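Observations on chain architecture
Below are the chains, spelled out letter by letter.
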There are 4 protein chains.
Amino acid sequence: MLALVYRGPGKKAVEERMKPDIEEPSDALVRVLKTTICGTDLHILKGDVPTCEPGRILGHEGVGVIEKIGNGVTGFKRGDHVLISCITSCGRCEYCRKGMYSHCTTGGWILGHRINGTQAHYVRIPHADTSLYKIPPGLDEEALVMLSDIFPTGFECGVLNGKIQPGGTVAIIGSGPIGLASLLTAKFYSPAAIIMVDHDENRLEVARKLGATATVSTKPGNDAAAKQIMDLTDGRGVDTAIEAVGVPATFELCEEIIAPGGVIANVGVHGVKADLHLEKLWDRNISITTRLVDTSTTPMLLKTVQSKQLDPQQLITHRFKLENILEAYDTFSRAADTRALKVIIDMGD
Amino acid sequence: MLALVYRGPGKKAVEERMKPDIEEPSDALVRVLKTTICGTDLHILKGDVPTCEPGRILGHEGVGVIEKIGNGVTGFKRGDHVLISCITSCGRCEYCRKGMYSHCTTGGWILGHRINGTQAHYVRIPHADTSLYKIPPGLDEEALVMLSDIFPTGFECGVLNGKIQPGGTVAIIGSGPIGLASLLTAKFYSPAAIIMVDHDENRLEVARKLGATATVSTKPGNDAAAKQIMDLTDGRGVDTAIEAVGVPATFELCEEIIAPGGVIANVGVHGVKADLHLEKLWDRNISITTRLVDTSTTPMLLKTVQSKQLDPQQLITHRFKLENILEAYDTFSRAADTRALKVIIDMGD
Amino acid sequence: MLALVYRGPGKKAVEERMKPDIEEPSDALVRVLKTTICGTDLHILKGDVPTCEPGRILGHEGVGVIEKIGNGVTGFKRGDHVLISCITSCGRCEYCRKGMYSHCTTGGWILGHRINGTQAHYVRIPHADTSLYKIPPGLDEEALVMLSDIFPTGFECGVLNGKIQPGGTVAIIGSGPIGLASLLTAKFYSPAAIIMVDHDENRLEVARKLGATATVSTKPGNDAAAKQIMDLTDGRGVDTAIEAVGVPATFELCEEIIAPGGVIANVGVHGVKADLHLEKLWDRNISITTRLVDTSTTPMLLKTVQSKQLDPQQLITHRFKLENILEAYDTFSRAADTRALKVIIDMGD
Amino acid sequence: MLALVYRGPGKKAVEERMKPDIEEPSDALVRVLKTTICGTDLHILKGDVPTCEPGRILGHEGVGVIEKIGNGVTGFKRGDHVLISCITSCGRCEYCRKGMYSHCTTGGWILGHRINGTQAHYVRIPHADTSLYKIPPGLDEEALVMLSDIFPTGFECGVLNGKIQPGGTVAIIGSGPIGLASLLTAKFYSPAAIIMVDHDENRLEVARKLGATATVSTKPGNDAAAKQIMDLTDGRGVDTAIEAVGVPATFELCEEIIAPGGVIANVGVHGVKADLHLEKLWDRNISITTRLVDTSTTPMLLKTVQSKQLDPQQLITHRFKLENILEAYDTFSRAADTRALKVIIDMGD
């Protein structure tokens, strides 16, 4: 089968690989129909994720069809169409019993990281019963690829942690796919204002189309973002600040704009420390939250798609065949030029 | 009347001052019976609190007797024995309506800070109906001085924000009065372990007497505190880390020992920023909380004292007359030598 | 001044009454601009509310202008335009400090019940600082009359108590003004389904226009409502059942259709007991909640109106001058014929 | 092997039965060391549980040793000492993913009900990985039998649902084993008052020894229980009323004594409906909860036993050998005479 393989920092290749097989009773073998590329895949390629070894097939998102199941799998059968969760969960360990699947002692984020992933014709899914979701009939499977990672991430790490409420004010720092997924799911709770922040004017335009009530540019030369957000909130600051970039400057911007009693919900993947201005924040009654997505809300999100509260399709901008996945990587990694948000990789027949 | 007056950085004096009077319909004039000294008073004296101007009578804690009320006060009458809250609250503004009295737009922490305080024979209390608490009959009034500030602070900022649960593990960094108030109120929720941390062996001994299940020393030369706490929790870290000191090193210790899914509850007053190691914490599903005490739990704490779930007396180590308050300040500020926790200032008859 | 006066069971009259005045320092005198009639007013007229004595001016809803304030009032001044809350709250008692204003020891629902109400040119409002809300500039004051009672009631007692969630299923039994207010505020949380139930086809039609995803008729002869709701939820039942009628049959219908883990949120005013089928419900992990509206969410609701998440105007069907209020009562009480939802009484100039 | 077998209403027998074996990959075969008898077993024997068919081995509690595991079991191995949960949970279905194990679509309460149970030398446990708990070293295994059902039931259905808080007031109606388990776990949250209610003076005496702050008798002739509880709470009523009997009179007593804002937490198994006095309760801002124990707190309870916050041994009054289990049933069913709380059945060697 064809697969996109990580070959060490800066290197990737499309290779012919052996089709995987069931290894444990709880495994399922899934024929992938569609997958996508995540910002995390780019991190791996930069060499930022040393736990991912050369030779690994990348990808932790996708939809597919069950090809074969282990004899311990009871929830799926050959032919079932499934959504693959980016988080593998045993459903049994202390963390899984609390719904913290991201910290599953034998799972978590392992697909396309510690084991081979979904950017290939087939993928082996451990703990299949608790790591796959049956696709309800009538749903657009391509759109559901967005539910493998990006929507649960924006929703759980940003919106739920951020305790967004009707009438509240929200700023989302970063208007890339994750920030936009936060925006679309923030709307579930009817906040009065959603202020989207980015340095890329194109992304702010998309944000406005998707429901931002205001946008603030952080393009070079514009140092007034904090002030603009304070002005937009009559000097109060926002009830919820969602950090969806992953660098110190954007996190520290959240510290400047958070209202007393507010929540800074971190979504970004950070590589270095940030300054926490406790001398200003110690008496502000705020919370700061971090989270690796648990995908515990996948069933809820599927219901919102079914009932048309959420249209995940809105984030898909490009489509490629698996054999052209290198071009897809190129398009996705030059998002400022290509205006790419999420790209679909179609496996063909 | 006699009063302890702030005279600028490094300076304080016992002075004869005019007895205050009612200024607004919602005021009460309280004859102070007993008060105490807070770590914050020492901060003011160091010059760390520029909003406190020279000439100010210090003190934001105490019990007393209502001497006179404004014509808008309906909940108290002359002769009522009352507990004075360190937080003044109008009960009407947006923040008060949410229970965030610390951010009351015409109150908050103003006693002994922006207006004259309780280290005097008399004190004027604004918004009396929502800033004083009637003392239930039969309670030891001296002990209740501990409910003006220190117990609500330890309980709200440390224990409630820290979401302590039966069977959980807690580390409290700092075993001074605030840390010990957190310890005593943490026990309300029956955690499995309460690990107290300090550099002062005497305080750790007190902590063990008051119910710490383990203690860890951070005295100079002992750099293994984080490791010791990890060992005490089988390598998991603690579910709740309470920062009760207010310096970067202790806050950063909390970051090292927090378990996935845990809460770092900041209680300490910080003067400088700390490093927030998001590169380690972004995927740990933790929360960090800050809070200036709201004293919204004062009624609850009064009930726990009445039902003998809490004995606030345990933190009182020394007693002085008001005329000897300078000696009280000396004793309190040299706690390592004097073994002082909280000192009572008695106004006499 | 003109006023609508309760004259004992079955009797009401438009009378000339003395203009009220300030009685307590915390009072405000409000010139009423617009008011409305509530189902509770009809209950009083039936003689169902013995605590309301003959001679009482009815009405507990409205908007107006501050005419005069007591010397303890600090949040309002003459000329301020205000929303009158149906719940009077002192902001000081044990219940008010918990946000349970409905149980205020010197307030609660007293307007147009234990003291004279708003169906008159002027009304005295006790505890004005915590019982009135300043009207933000630019809002339609007529529409805000709906925020005195009906929207906080539907939202707090129905939607918030009912813990409505994105993707969840809701049934609202009763599609009168309260049920429709629950519907409109239920949409804040993006449930997948909102099933409206009523015996009046006209009201179901309104419900569909306002966003119901399905409607079920309980008109005489149709005994299959429970079955229809179960079918609409694939046999699971609903996550939230809101009772917005107040008779045993509708409450018991909620018991039949509630899913395991669900909430029955009672909004209706009940005059007799209902059967609680604990033999079927004891192991279903459900909650049943009751509540007299606290109007603690009025500030939040005002923000949702400002941000156009909520359009309260949608419930207004008729308008009358104060001098024609008897006609307004007639129209409102014959809602099945007149298709009245809420009627506005305009005081004129 | 020897087993206690249900033989139809009113009939039970000790019989020799075939040792069970693994049937599914997720099964474990457990050699039972100790078990006990539950009130529910008596219900079955009365014929109240028609889903339990004659021929069934009873019992859903116990500790044992893993004898054999299916090839899908990963968390246990032969020789492990385990606590058997009364609730069987697949960990995969919609309900299990929410922690509502009681409603597991292929589990729930099935042991000693729909499949053979623990009152035998061996028992087959389906979904072993998510229905058994490893016994931490050093714990008293006999005491842990109390954690199969009675302590999670009292804690989850009574204490957690009842939202018990420091300083709060609690009444527990019924002082049998379940009521006492609620009492012991209520103490985790340091309420100010725990009022135990029963008609049996012996049980009230036990309750006082175990920490009740007051007791109220409902023995025949004493009709003043509600009044006594109101007097004990200064006329306010209790914040939490736990129903631990299961008949209309005790549930309705809870309705009479609940304070505004309080919770009635039903624990009892009810066979008939109760009267719900909505005409008195509709405006009281209360909640009523029902729940079949989920045993989702078993890991938490194990930690409280390890840290000595909980001593489950306190409920054990009698011990019998398996061959004398009929005598154990007799003793347990005549609790008023024998003063039995929980009886241990020891399997011998």
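This text follows the structure it describes.
Residues numbered from 1 in each chain as written. Chains lettered and ligands numbered in written order. Predicted model: local features only at pLDDT ≥ 70, side-chain atom pairs only at ≥ 80, totals over all residues. Heavy atoms only, no water.

This next bit is on the overall build of chain A. For chain A, the helix and strand inventory stands at twelve helices and 16 strands. Here the C-alpha atoms of chain A give a radius of gyration of 20 Å, agreeing with the 20 Å that 2.2 N^0.38 yields for 349 residues. Oriented by its inertia axes, the alpha-carbon framework of chain A measures out at about 60 × 40 × 40 Å. For chain A, the residues scored as buried account for 64% of the 349 residues in total. In chain A, once contacts between residues fewer than 6 apart in sequence are set aside, the share between residues at least 24 apart is 69%. Counting every atom, chain A has about 12,400 Å² of accessible surface; 51% of that belongs to carbon and sulfur. (Helix = DSSP H or I, 4+ residues; strand = E, 2+ residues; numbered from the N terminus. Rg over C-alpha atoms; globule rule 2.2 N^0.38 Å. Buried < 20%, exposed > 50% of the residue type's maximum accessible area, 1.4 Å probe, protein only. Contact = heavy atoms within 4.5 Å. Areas by Shrake-Rupley, 256 points an atom, 1.4 Å probe, with all protein chains shown as cover.)

This brings us to the interface of chain A and chain B. Tallying the contact residues gives 36 residues for chain A and 36 residues for chain B. Around 3,100 Å² of area is buried between chain A and chain B when both sides are counted, 57% of it from carbon and sulfur atoms. For the chain A face of the interface with chain B, the top three residues by lost area are Trp-282, Asn-285 and Thr-290 of chain A, together amounting to 22%. Where chain A packs against chain B, one counts four salt bridges. One salt bridge in this structure joins Lys-273 of chain A and Asp-275 of chain B, with 3.3 Å as the shortest N-O distance. At the boundary of chain A with chain B, the tally comes to 23 residue pairs in polar contact (both at pLDDT 80 or more). Taken together, the residues of the side of chain A that touches chain B break down into 14 nonpolar, twelve polar and ten charged. Both strand β13 (residues 274-276) of chain A and strand β13 (residues 274-276) of chain B contribute to a ladder of three bridges, which runs antiparallel. If you follow Ala-274 of chain A over to β13 of chain B, its bridge partner there is Leu-276 of chain B. (Buried area = accessible area lost by both parts, 1.4 Å probe. Salt bridge = Lys/Arg side-chain N within 4 Å of Asp/Glu carboxyl O. Polar contact = N/O pair within 3.5 Å; in protein donor to acceptor, adjacent residues only side chain to side chain. Nonpolar A, V, L, I, M, F, W, Y, C, P; charged D, E, K, R; others polar. Pairing = 2+ DSSP bridges.)

Here chain A sits on chain D after a turn of 180 degrees about the axis and a move of 0.0 Å along it, with an RMSD of 0.0 Å. Taken together, these values place the two copies in the relation of a two-fold axis. Most of the interface of chain A is mirrored in chain D: 100% of its interface residues are interface residues there too. (Least-squares fit on C-alpha atoms with pLDDT ≥ 70 in both.)

Moving on to the packing of helix α1 (residues 39-46) of chain B against helix α11 (residues 325-333) of chain B. Two quantities define a packed helix pair, namely the angle between the helix axes and the distance between the axes. All names here are of chain B. Direction vectors running N to C along α1 and α11 enclose 100 degrees, while the axes themselves pass 11 Å from each other. Of the possible angle classes, the one that applies to α1 and α11 is roughly perpendicular. Residues Gly-39, Asp-41, Leu-42 and Leu-45 of α1 pack against Tyr-329, Phe-332 and Ser-333 of α11. Classifying every residue of the contact of α1 with α11 by side-chain character gives four nonpolar, two polar and one charged. (Axes fitted to C-alpha atoms, helices over the stretch in contact; angles between N-to-C directions. Parallel < 35°, antiparallel > 145°, perpendicular 65-115°, else oblique.)

We now examine the nonpolar core. Judged by nonpolar contacts, the single largest core of 176 residues is most densely connected at Leu-132 and Phe-151 of chain A together with Leu-132 and Phe-151 of chain C. For Leu-132 of chain C, the residues in contact, after removing those within four places along its chain, are Ala-28, Val-30, Ile-66, Phe-76, Val-82, Leu-83, Ile-84 and Ile-125 of chain C. Judged by nonpolar contacts, the second largest core, of 175 residues, contains Ala-340 of chain B together with Val-82, Ile-135 and Met-146 of chain D. (Core = buried A, V, L, I, M, F, W, Y, C linked by side-chain atoms within 4.5 Å.)

Turning to the sheet that holds strand β10 (residues 214-217) of chain B, a few remarks are in order. An order of β10(A)-β9(A)-β8(A)-β11(A)-β12(A)-β14(A)-β14(B)-β12(B)-β11(B)-β8(B)-β9(B)-β10(B) is seen for the twelve strands of this open sheet, with the pairing classed as mixed. This sheet does not close on itself; its edge strands, each paired only once, are β10 (214-217) of chain A together with β10 of chain B. With direction set aside, neighbouring strand axes in the sheet form an average angle of 15 degrees. Of the strands in this sheet, β8 (169-173), β9 (193-198) and β11 (238-243) of chain A are in contact with helix α5 (residues 177-186) of chain A, which crosses β9 of chain A at around 175 degrees.

Moving on, we get to helix α11 (residues 325-333) of chain C. All names here are of chain C. Restricting attention to buried positions, one finds in α11 the residues Ile-325, Ala-328, Tyr-329, Thr-331 and Phe-332. One side of α11 holds all its buried residues, which, seen down the axis, span an arc of 165 degrees. If you follow the buried residues of α11, they end up packed against β1 (2-6), β2 (12-16), α1 (39-46), β15 (316-321), α12 (335-338) and β16 (342-346). (Arc of directions from axis to C-beta.)

Facing 14 residues of chain A, the contacting portion of chain D comprises 14 residues. Summed over both sides, the interface between chain A and chain D buries roughly 1,200 Å², with carbon and sulfur atoms accounting for 33% of that surface. The interface formed by chain A and chain D contains four salt bridges. There are twelve residue pairs in polar contact (both at pLDDT 80 or more) connecting chain A and chain D. Of the residues in the side of chain A that touches chain D, the class split is three nonpolar, six polar and five charged.

Between chain A and chain B, the superposition needs a rotation of 180 degrees and an axial shift of 0.0 Å, giving an RMSD of 0.0 Å. Interface overlap between copies is the fraction of interface residues in one copy that are interface residues in the other; for chain A against chain B it reaches 100%, indicating a shared surface.

To continue, consider the sheet that holds strand β10 (residues 214-217) of chain D. Read across the sheet, twelve strands follow the order β10(C)-β9(C)-β8(C)-β11(C)-β12(C)-β14(C)-β14(D)-β12(D)-β11(D)-β8(D)-β9(D)-β10(D) without closing on themselves; strand pairing throughout is mixed. Each edge of the open sheet carries a strand with a single partner, namely β10 (214-217) of chain C together with β10 of chain D. Adjacent strand axes in the sheet meet at a mean angle of 15 degrees, parallel and antiparallel pairs treated alike. Bridging between strand β8 (residues 169-173) of chain C and strand β11 (residues 238-243) of chain C involves four bridges; their strand directions are parallel. Bridging from a neighbouring strand, Ile-173 of chain C pairs with Glu-243 of chain C of β11 of chain C.

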